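# Topology and contacts: notes
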Amino acid sequence: MLKEKLLLGQYYPADSPVHRLTASCKILVTIIYMVALFVADDWLGWGLLAAVGLAAVLISKVPFKAIWRGMKIIVIFCVLTFLLNLFMYPGDHVLLTLGRFRLTAEGLTYGLAMALRLFMLVVFASLLTLTTTPIQLTDGLETLLKPASRIGVPAHEIAMMMSIALRFIPTILEEFDRIVLAQRARGADLKQGNIAQRVKNFVPLLVPLFVAAFRRADDLSQAMEAKCYRGGAGRTRWKVVKWQSRDTVCLALFLLLLAGAILERVL
Amino acid sequence: MKITLQHVDHIYQEGGVSETAALRDVDLTIDDGELVAVIGHGGSGKSTLALLMAGLYQPSSGTVELTGSKDPEHPFRSVGLVFQYPEQQLFGESVFEEVAFGARNQGTAEDYLPVKVREALEQVGLDPDVMWYRSPFSLSGGQKRRVCIAGVLVMDPQLIILDEPTAGLDEGGRKWIAQLVRRLNEEGRTVVWITHNMAEAAEVARRVIVLKGGRVLLDGPPQQVFSEEETLMSAHLTPPPAARLVRELQRRGWDIEASAVTVEGAAEEILSHLASGKEGGHA
Ligand SMILES: Nc1ncnc2c1ncn2[C@@H]1O[C@H](COP(=O)(O)OP(=O)(O)O)[C@@H](O)[C@H]1O
Ligand SMILES: [Mg+2]
């Protein structure tokens, strides 16, 4: 089913230090980690970052199985990245020649590194969505965007849009799976015919999907209006999430990691 | 056409965090020409069973087999499934396009399509001349439901499964569905009707299968199934009012059989009891 393949990972409830971190801290840390992955340029750096990622997963008490579920497609992507770099990256130390393709030591290193970077990037991003509820995530985003709202960025609206999207993506994917089944029951065959025919095959899937999405949007906007939603101005929170000292510590550690990666690269 | 399920398990998201066993060790045979009602509480596995019987899901373990299909190479093509709330799958720009979809996918010739669509619309009681060019989205709820059912009938299925076809319909719509189900069966089709309305099942079906937590709890003629009041209660189901009435009379001392499940049956039992003049002390 599409739904199972596409999602990075839905919230996995557990009581762990990672779950307890403030969402805005986790978002920042995830960005820092991603930057560090691309700044690091040797195996010491990549190995250290992979170890940090692995440690974070272990501390979070999220089972590997839950992370792995969202990763299957990404792994194919990693393998492709590896192969592409393996044969395309220019290098002098030729290990093997296959017709027009030369397999070099540089290509091997670079290919492996790119695959590892991509893999760890997705693991870390999955960990963010697995240990943070969508509500916390959007609240965190809103907090981070607050300073920008002074220069006219609609921070609250962006966060609200993201929370609605996060809330409805699983529902819409579920709906799509149902529609596919229903049209298959009526003999629809998506893989039939030439390209024009194949595009046409999607009409019976997409029309009901859009109808459902618009119906949902309509219902939701009515419900929001009935509850007097009027945008961000003057809105207060029920649960105020406070930045804790552990967030500061965590952020500092990751900044240190990033500084290390930058230093290592320039020195 | 006969359908046989052997040791069928169906597990959603196997190995995942939210693994759900929707069906467990289901053994069932539905013979050619039967009219079966499948009842059960929400989440008991009725829809999953329908999808398995239509060949849209593969069971996690066990087998689903069809015998006597007119298309032995693709036996599941002879199964028609009307989904729960089928109007959510409407897409056509006209009722004709909507109904023709299934027949076209079967490879019916373009110039023969109107004949088949006309037939299917007549079967569901819609006037083809009025409906033909109308947008299905502009129809009323009941009419949409009929168009959807026509869209399955147009494929001329030998086994037809209807997943809660009366859900959300008014009294007239419900009565009409019951009649349609009977007629489809009289035409020689095997019919599986999923419902959670006991009275409907009792009126129409000759066999009732009760699901509870993904297992078959009861399976037999309506009289037998609805006499198991305690077992049904354990599955959060209540026998139809007529069956409860005759049971209650029996409990209060009337010497009757109490096997009726329909209003007509209950009336018979009560009248014959009154005629025999043995009401006892309660009369
Ligand atoms: N696509 C799905 N993914 C995961 N679980 C599902 C899915 N469809 C149904 N289930 C679960 O399987 C069980 C049986 O569902 P279903 O067959 O729809 O029951 P019913 O039709 O009797 O209400 C329920 O617990 C339901 O939550
Ligand atoms: Mg159902």
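All of these numbers come straight from a predicted model, not from anything done at the bench.

### Let's talk about the environment of B:Gln223
With respect to the element layout, B:Gln223 can be found in helix H8 (residues 222-225). Remark: the alpha-carbon pair of B:Gln223 and B:Thr108, spanning 115 residues in sequence, is separated by 43 Å.

### A look at the packing of helix H4 (residues 43-60) of chain A against helix H7 (residues 105-131) of chain A
Residues and elements named next belong to chain A. Following both chains from N to C, one finds H4 and H7 inclined at 25 degrees, their axes separated by 10 Å at the closest point. Here H4 lies roughly parallel to H7, going by the angle between them. Viewed along their axes, H4 and H7 form a crossing whose handedness is left-handed. On the side of H4, the interface is formed by Trp43, Trp46, Ala50, Gly53, Leu54, Ala56, Val57 and Ser60, while H7 contributes Thr109, Leu112, Ala113, Leu116, Arg117, Met120, Val123, Phe124, Leu127 and Thr131. Broken down by class, the residue content of the contact of H4 with H7 amounts to 13 nonpolar, 4 polar and 1 charged.

### Looking at the coordination of the magnesium ion (ligand 2)
Here the magnesium ion (ligand 2) is held by B:Ser47 (OG) and B:Gln84 (OE1), and the distances to it run 2.1 to 2.6 Å. In this pair, B:Ser47 is assigned in helix H1 (residues 46-53) and B:Gln84 in the loop between strand S5 (79-82) and helix H2 (95-105), connecting sequence segments 37 residues apart.

### Overview of the interface of chain A and chain B
Contact with chain A, which involves 22 residues of that partner, is made by 21 residues of chain B. Buried area between chain A and chain B, summed over both chains or domains, comes out near 2000 Å², and the portion from carbon and sulfur atoms is 61%. In terms of surface lost to chain B, no three residues of chain A exceed A:Arg178, A:Leu181 and A:Arg186, which account for 34% of the buried area on that side. Applying the counting criterion to the chain A and chain B interface returns 1 salt bridge. A salt bridge links B:Glu98 to A:Arg186; its shortest N-O distance comes to 3.1 Å. Along the contact surface separating chain A from chain B lie 4 residue pairs in polar contact (both at pLDDT 80 or more). Among the elements of the structure, helix H1 (2-6), helix H5 (64-69), helix H9 (155-185) and helix H11 (203-226) of chain A are those that each provide at least two residues to the side of chain A that touches chain B.

### Remarks on empty space enclosed by the protein
Considering all chains together, one arrives at 2 cavities of 30 Å³ or more under this definition. In this structure, the largest cavity encloses a volume near 120 Å³. Along its surface, the largest cavity is lined by 13 residues, and A:Arg186, B:Pro86, B:Gln89, B:Cys148 and B:Val152 are the ones closest to its centre. Listed by contribution, the elements that provide at least two residues to the lining of the largest cavity are H9 of chain A together with S5 and helix H5 (141-153) of chain B.

### Structural notes on the site of ligand 1
Residues and elements named next belong to chain B. Around ligand 1, the neighbouring residues are Tyr12, Thr20, Ala22, His41, Gly42, Gly43, Ser44, Gly45, Lys46, Ser47 and Thr48. Within the backbone of Ser44, a nitrogen or oxygen atom sits 3.2 Å from an oxygen atom of ligand 1. Burial of ligand 1 by the protein chains amounts to 65% of its free accessible area of 560 Å². Every element with two or more residues in the shell around ligand 1 is listed here: strand S2 (20-30) and H1. Each residue belonging to the shell around ligand 1 can be placed in one class, and the counts come to 2 nonpolar, 8 polar and 1 charged.

Rules used throughout
Each chain has its residues counted from 1, following the order in which its sequence is written. Key to labels: chains lettered from A, ligands numbered from 1, both in the order written. Since the coordinates come from a predicted model, pLDDT governs what is reported: local features require at least 70, and pairs of side-chain atoms require 80 or more to be given and counted, while whole-chain, interface and lining totals use all residues. Calculation of side-chain values draws on the structure's entire complement of heavy atoms; hydrogens and water are dropped beforehand. Helix and strand definitions follow DSSP, with helices as H or I runs of at least four residues and strands as E runs of at least two, each counted in order from the N terminus. Angular values range over 0 to 180 degrees, each being the angle between N-to-C directions of two axes fitted as lines to C-alpha atoms, with helices fitted over their stretch in contact. Angle categories: roughly parallel below 35 degrees, roughly antiparallel above 145, roughly perpendicular from 65 to 115, and oblique for all the rest. Helix crossings fall into two classes, left-handed where the near helix is turned counterclockwise from the far one by less than a right angle and right-handed where it is turned clockwise. Note on definitions: a residue-residue contact is assigned when non-hydrogen atoms from the two residues lie within 4.5 Å. Three classes are used, and their members are as follows: Ala, Val, Leu, Ile, Met, Phe, Trp, Tyr, Cys and Pro are nonpolar, Asp, Glu, Lys and Arg are charged, and the others, Gly among them, are polar. Counted as donors are N, O and S atoms no farther than 2.8 Å from the metal, or 3.2 Å for Na, K and Ca; water is not among the atoms, and sites may therefore look incomplete. Each of two parts loses accessible area, computed with a 1.4 Å probe, when they are put together; buried area is these two losses added. We count a salt bridge whenever a side-chain nitrogen from Lys or Arg sits within 4 Å of a carboxyl oxygen from Asp or Glu. Polar contacts here mean pairs of N or O atoms no more than 3.5 Å apart (in protein, one a potential hydrogen donor and the other a potential acceptor; neighbouring residues in sequence count only if both atoms are side-chain atoms). The method works on a 1 Å grid over the protein atoms by themselves. A cavity is a set of points holding a 1.4 Å probe that cannot get out, a pocket is an open set with protein on both sides within 12 Å along at least five of seven lines, and residues with an atom within 4 Å of a point line them. Grid points are joined across faces, edges and corners, and a volume is the space filled by probe spheres set on the points. One heavy atom suffices: a residue is near a molecule or strand as soon as one of its heavy atoms comes within 4 Å of it. Exposure was quantified through the Shrake-Rupley algorithm and a 1.4 Å probe, taking into account, for residues, occlusion by the shown protein chains and nothing else.

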